[in-house]
Protein chains: 2
Amino acid sequence: MGKKYTSREEDYSKWYNELVGRADLAEHSDVKGCMVIKPHGYAIWEKMKENLDRMFKETGHSNAYFPLFIPKSYLSKEADHVEGFAKECAVVTHYRLKNSDDGKGVVVDPEAKLEEELIVRPTSETIIWNSYKNWIQSYRDLPILINQWANVVRWEMRTRIFLRTAEFLWQEGHTAHATEREAIEEAERMLEVYADFAERYMAMPVIKGIKSESERFAGALETYCIEAMMQDGKALQAGTSHFLGQNFAKAFDVKFADKEGGLEFVWATSWGVSTRLMGALIMTHSDDEGLVLPPALAPIQVVGVPIFKTAEELELISEKFKNLGAKLGEMGVSFKFDDDDNRRPGWKFAEYEAKGVPVRLAMGPRDLENGKIEVARRDLKTKEVVNFEGCESMIQTLLEEIQKNLFTRAKDFQESRTQTVDSYEEFKIKVEKDGGFFLAHWDGTKETEQKIKEETKATIRCIPLDGDRASGECMVTGKPSQQRVIFAKAY
Amino acid sequence: MGKKYTSREEDYSKWYNELVGRADLAEHSDVKGCMVIKPHGYAIWEKMKENLDRMFKETGHSNAYFPLFIPKSYLSKEADHVEGFAKECAVVTHYRLKNSDDGKGVVVDPEAKLEEELIVRPTSETIIWNSYKNWIQSYRDLPILINQWANVVRWEMRTRIFLRTAEFLWQEGHTAHATEREAIEEAERMLEVYADFAERYMAMPVIKGIKSESERFAGALETYCIEAMMQDGKALQAGTSHFLGQNFAKAFDVKFADKEGGLEFVWATSWGVSTRLMGALIMTHSDDEGLVLPPALAPIQVVGVPIFKTAEELELISEKFKNLGAKLGEMGVSFKFDDDDNRRPGWKFAEYEAKGVPVRLAMGPRDLENGKIEVARRDLKTKEVVNFEGCESMIQTLLEEIQKNLFTRAKDFQESRTQTVDSYEEFKIKVEKDGGFFLAHWDGTKETEQKIKEETKATIRCIPLDGDRASGECMVTGKPSQQRVIFAKAY
């Protein structure tokens, strides 16, 4: 390798950018703001998708697919929504190209101008509710529990791979219900699904909460969220679930006949997570040597590297690894045996370390002779030599241990970087100096929230649903506060 | 139900459109040419994806994701490609909207005009080869075997759900190789994967062949294809695999250092299938009562309907079905028990028939008493009453039988509608009167191909790879022909 990489301490942001390249996850494309997700990055996203998709189906949802394009006029049907979303969008104005006069290229055909411009979806509430209008007549048609896996586009000026890109991949759930209560329950259920996924699969502890009014999704009555803490102490919003009330039903005139024969507007939710989770995963666990992956999301959980001089040695070691691979496969552990002879073991070790493979095995002629194998774990960078016989169950246990350790380590970190403050002066100093999460009282007004944001760059990440609910006095104005909220600088 | 549907004999095209709605597969959206794929349709597409994806991975491919947008100038880099693709595209010209002066809506912000227009990908060769340029330096970087699942847009004026839509979903494989031979082998391997998928999962017999020059993909040296016959005798191109030679490597200047230190252009393939396969599936098997699904792609393979008057009856029957469902689940059979008491059994029977569920079970109080269950198969519309005890293995065997029967029936149909003709006069009459496939000699020229197309609307579907390779004389010009090719009218 030889190349010197930036450490987290030197420059966290640079470390992140280098890591994305070094672990071969993704890269910038020539199209401004759009990324290329490379096979290793995409394989991790596929593991995320696979588990989330199963969890959505287990909670009664089906997948469907709605158009990429939204007629411009739809965006202005819901007043708050257009304020929040209509602005930075990719706009399709024409539907044909033609050869340029010099014959060397193509130009937009001015005759092929669309009557109404189309917007590349930044989110799909409007196009979906326009369909639901035709699907819903009676209470018998409810609930509708649909999810969509799709690409969306929000024209961002300052982009960072996975965290903020013009095009990104996501899932968006859009549900329709007969009652307010049912819709709120749905929004809360999906928040739980996201939190469970984050903690069990990503090994990323999250705080569940609701957003303050000014941080709410455009068009929502309530936005539930999960917030995670990155290694630099900054917060990252990892998923949101919105209770939309009857706003979209009213905007698109979606009513249903209830059991008593009355006509009511339908209640709605929407909820989503995106490839942003890839950024969250990276910044929760990785270290100066590269990516660290929780086994539950690692495309390759275990890699085997043979160390050999002669072809005969390779053959004997290969046989051992192949037997082991078969056993691991039966146990549901994904294993790769890397016998590529263009690369040396040291190069491979660094490569798999950079790519975050949780467990690395190595076997040389002496190990072979002694019936041993070397087992290295990525999270702690420790290794030990164990008996080859029966090592598969030790490896399985180790994977479970790594999964747990990553969660515990991240949880401890989050707790150690969470402070309770009561004085705004203290808050201002500590936000700047320590970073992390701050539990503080707030008077519930937009004005105070705005003042804090302007003066410290910290925002209200959420009003936590769990934990201490004691009332107090706003750290800025001294006015009454119902409970502490979480402030942090955020991605 | 009550509604009278059009039969296939009355109007095949109308039957198709009605079926798509009746089986709840998809519908037109308000965005011209774009469809909404509804949950039942999407669940079938998911089964297709799941199996294809596994087959791609088994043949060494990984998934990745490339940008939705392509800079306009990229399209003109490969001369043939621009001819074939640049014309009917969605063109993004602006990246921002703003509130209109009357405050009632949004308008395109004229200040937010892109320097270079972006095209919504109609296919991704150009954007992908622009990335490969940076990924490939040496023979060690080859082969690259990547697939992408994505949406693409081709602005079509006349659209039909699944068969031709402006936006559709597909997969596109893009591979890079060190040698011509390896690239050709890859293109042929993927043709085999497609044919295997079509026949084993879709139960749809296909003819493997190569396209005539004028039907080739824009930029390819050879296009391999699978062609299927629909129930109306028309052909449907179900998948294509292209050997692209060095065309894209030359257009994007992608060279690699070979083992001897020389610098060579990289060899390429691309291959794809799309939601068009949904149309092919429908038109291969379905009947006047609705969709007929091969069990291998049916989201629900078996449905159970209770017939009851009292709550006690329902409880006893439910228990039987739940036990059976658990057993079927263990056997890998997907089962749905429909005890919705808003709908009567007759309504459910018609509903599941329309949706193509392969096996329907029914149990009433008398069956319960006698230890019996009614088993109905969708393909033949027959039913029989069997012993409940042990019926799970009978059901599993039945599913296999249905899968085979659908294939055999379609194969027999295809063979019965394939004719060998030697005279152009006879050909013209039969193409019009009989439809189906015609094996005929052709002199290999574009002119003859064009004449036939103009005079009969039949095109060369492919030059078959298997079967009779005897030479002969062109049915139109009498000039020498190397082998018979397949003519048909096509979707």
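Every value quoted in this text rests on a predicted model; they were computed, and no experiment measured them.

Caption draft 1: Quick look at the overall build of chain A. Looking only at helices and strands, one finds 14 helices and 27 strands in chain A. Taking 23 Å as the expected radius of gyration for a compact globule of 491 residues, we find that chain A reaches 26 Å, a close match to that expectation. Expressed along its principal axes, the backbone C-alpha trace of chain A runs to roughly 80 × 70 × 55 Å. Per-residue burial over chain A gives 48% buried out of 491 residues. Here the analysis covers contacts within chain A between residues at least 6 apart in sequence; of these, 67% occur between residues at least 24 apart.

Caption draft 2: Structural view of helix α6 (residues 180–200) of chain A. All names here are of chain A. Compared with the 30 Å implied by 1.5 Å per residue over 21 residues, the 30 Å span of α6 between its first and last C-alpha is a close match. Looking at α6, one finds that the buried residues are Ala183, Glu186, Ala187, Met190, Leu191, Val193, Tyr194, Ala195, Phe197 and Ala198. Close packing links the buried residues of α6 with α2 (39–58), β10 (167–177), β11 (207–210), β12 (222–229), β13 (235–245) and β16 (267–274).

Caption draft 3: Local environment of the domain arrangement of chain A. All names here are of chain A. When the domains of chain A are assigned, the result is domain 1 (12–85 + 120–285), domain 2 (300–404) and domain 3 (418–488). A straight line from the C-alpha centre of domain 1 to that of domain 2 covers 39 Å. Taken together, the contacts link five residues of domain 1 with four residues of domain 2. Looking at side-chain class alone, the side of domain 1 that touches domain 2 contains two nonpolar, one polar and two charged residues.

Caption draft 4: View of the sheet that holds strand β17 (residues 302–306) of chain B. All names here are of chain B. Spatially, the five strands line up as an open sheet ordered β18-β17-β19-β20-β21, and their pairing is mixed. Looking at which strands have only one partner, the edges of the open sheet turn out to be β18 (335–337) and β21 (382–387). Averaged over all pairs of adjacent strands, the angle between strand axes in this sheet comes to 25°, irrespective of strand direction.

Caption draft 5: Structural context of the pairing of strand β11 (residues 207–210) of chain B. All names here are of chain B. Across the two faces of β11 the burial is the same, with Ile207 and Gly209 and Lys208 and Ile210 all buried. Here β11 runs beside strand β12 (residues 222–229); their pairing, made up of four bridges, is antiparallel. Following the sheet pairing, Ile207 is matched in β12 by Glu227. Direction of pairing for β11 relative to strand β24 (residues 459–464): antiparallel, over a ladder of two bridges. Bridging from a neighbouring strand, Gly209 pairs with Pro464 of β24.

Caption draft 6: Representation of the nonpolar core within the structure. If you look at the biggest cluster of nonpolar residues, it comprises 300 residues, and the most contacted ones within it are Ala198(A), Ile226(A), Ala198(B) and Ile226(B). Other than its neighbours up to four places away in sequence, Ile226(B) contacts Leu191(B), Tyr194(B), Ala195(B), Ala198(B), Val206(B), Ile207(B), Lys208(B), Ala238(B) and Gly239(B).

Caption draft 7: Main features of the environment of Thr459(A). All names here are of chain A. Along the chain, the position of Thr459 falls in strand β24 (residues 459–464). Of the residues examined, Thr459 has 21 C-beta atoms within 10 Å and is grouped as buried. Once the C-alpha coordinates of Thr459 and Ile486 are considered, the two residues, 27 residues apart in sequence, prove to be 8.3 Å apart. Setting aside anything within four residues of it in sequence, one finds Thr459 in contact with Glu215, Lys453, Phe487 and Ala490.

Caption draft 8: The confidence of the model for chain A, seen in detail. The pLDDT averaged across chain A works out to 95; a share of 99% of its residues lies at or above 70. In the predicted complex, the global pTM is 0.96; the interface-specific ipTM is 0.96.

Caption draft 9: Structural view of unusual backbone geometry. Note that the residue after Leu142(A), namely Pro143(A), is joined by a cis bond; omega there is -5°. Along the chain, the position of Pro143(A) falls in the loop between α5 (125–135) and β9 (144–153). Located in the positive-phi region is Lys381(A), a residue other than glycine, with phi close to 55°. Mapping Lys381(A) onto the fold places it in the loop between β20 (372–377) and β21 (382–387). C-beta crowding within 10 Å serves as the criterion here: with 11 such atoms nearby, Lys381(A) is assigned to the exposed category. Residues other than glycine seldom take positive phi values, yet Phe162(B) does so here, at roughly 70°. Relative to the elements of secondary structure, Phe162(B) occurs in the loop between β9 (144–153) and β10 (167–177). Given 25 C-beta atoms within 10 Å, Phe162(B) falls into the buried group.

Caption draft 10: Up close: the relation of the copies chain B and chain A. Take chain B, turn it by 180°, move it 0.0 Å along the axis, and it overlays chain A with an RMSD of 0.0 Å. Seen this way, the second copy is the image of the first under a two-fold rotation axis. Considering only C-alpha atoms, the residue of chain B closest to the rotation axis is Val92(B), which sits at 2.1 Å. Taken as a fraction of all interface residues of chain B, those also at the interface in chain A reach 100%, which identifies the copy contact as same-surface.

Caption draft 11: Inspection of the environment of Ile210(B) at higher detail. Residue and element names in this part refer to chain B. Tracing the backbone through its elements, the reader meets Ile210 in strand β11. Among the residues examined, Ile210 registers 21 C-beta atoms within 10 Å and is labelled buried. Through-space distance from the C-alpha of Ile210 to that of Arg461 is 8.5 Å; in sequence the pair is 251 residues apart. The residues touching Ile210, leaving out its near neighbours within four places in the chain, are Glu222, Thr223, Tyr224, Cys462, Ile463 and Leu465.

Caption draft 12: Representation of the pairing of β13(A) in the model. Residue and element names in this part refer to chain A. Along β13, ten of the eleven residues are buried, which leaves the element largely enclosed by surrounding structure. Sheet topology places β12 next to β13; eight bridges connect them, and they run antiparallel. Note that in β13 the partner of Glu227 across the bridge is Gln237. What sits between the antiparallel neighbours β12 and β13 is a turn of five residues, in which Gly233 has the positive phi angle 85°. Of the pairings in the sheet, the one linking β13 to β16 comprises five bridges and is antiparallel in character. If you follow His242 over to β16, its bridge partner there is Ser270.

About the cut-offs
Note that residues are indexed from 1 along each chain, following the sequence as it is written. Both sets of labels track the order of writing: A upward for chains, 1 upward for ligands. Whole-chain, interface and lining totals are the exception, using all residues; otherwise, since this is a predicted model, local features are given only for residues with pLDDT of at least 70 and side-chain atom pairs are given and counted only at 80 or more. Under the DSSP-based scheme used, a helix requires at least four consecutive residues in state H or I and a strand at least two consecutive residues in state E, with every element numbered from the N terminus. When we talk radius of gyration, it's over C-alpha atoms, and the globule rule is simply 2.2 Å times the number of residues to the 0.38. Labels follow a simple rule on C-beta atoms placed from the backbone: if 20 or more others lie within 10 Å of a residue's own, it is buried; if 12 or fewer, it is exposed; otherwise it is partly exposed. A pair of residues counts as a contact when their C-beta atoms, built from backbone coordinates, are within 7 Å of each other. One less than the residue count of a helix, multiplied by 1.5 Å, gives the span that helix is expected to have. Domain extents, as shown, originate in an automatic or database domain assignment. Classification used: nonpolar for Ala, Val, Leu, Ile, Met, Phe, Trp, Tyr, Cys and Pro, charged for Asp, Glu, Lys and Arg, polar for all others including Gly. Only strands joined by at least two bridges in the DSSP assignment are considered to pair. Axis lines are fitted through C-alpha atoms, for helices just across the contact stretch, and the angle between N-to-C directions can take any value from 0 to 180 degrees. We call a set of buried Ala, Val, Leu, Ile, Met, Phe, Trp, Tyr and Cys residues a nonpolar core when their C-beta atoms link them within 7 Å. What pLDDT reports is the predictor's confidence in each residue, on a scale of 0 through 100. Superposition of the copies was done by least squares, using only C-alpha atoms of residues whose pLDDT is at least 70 in both.

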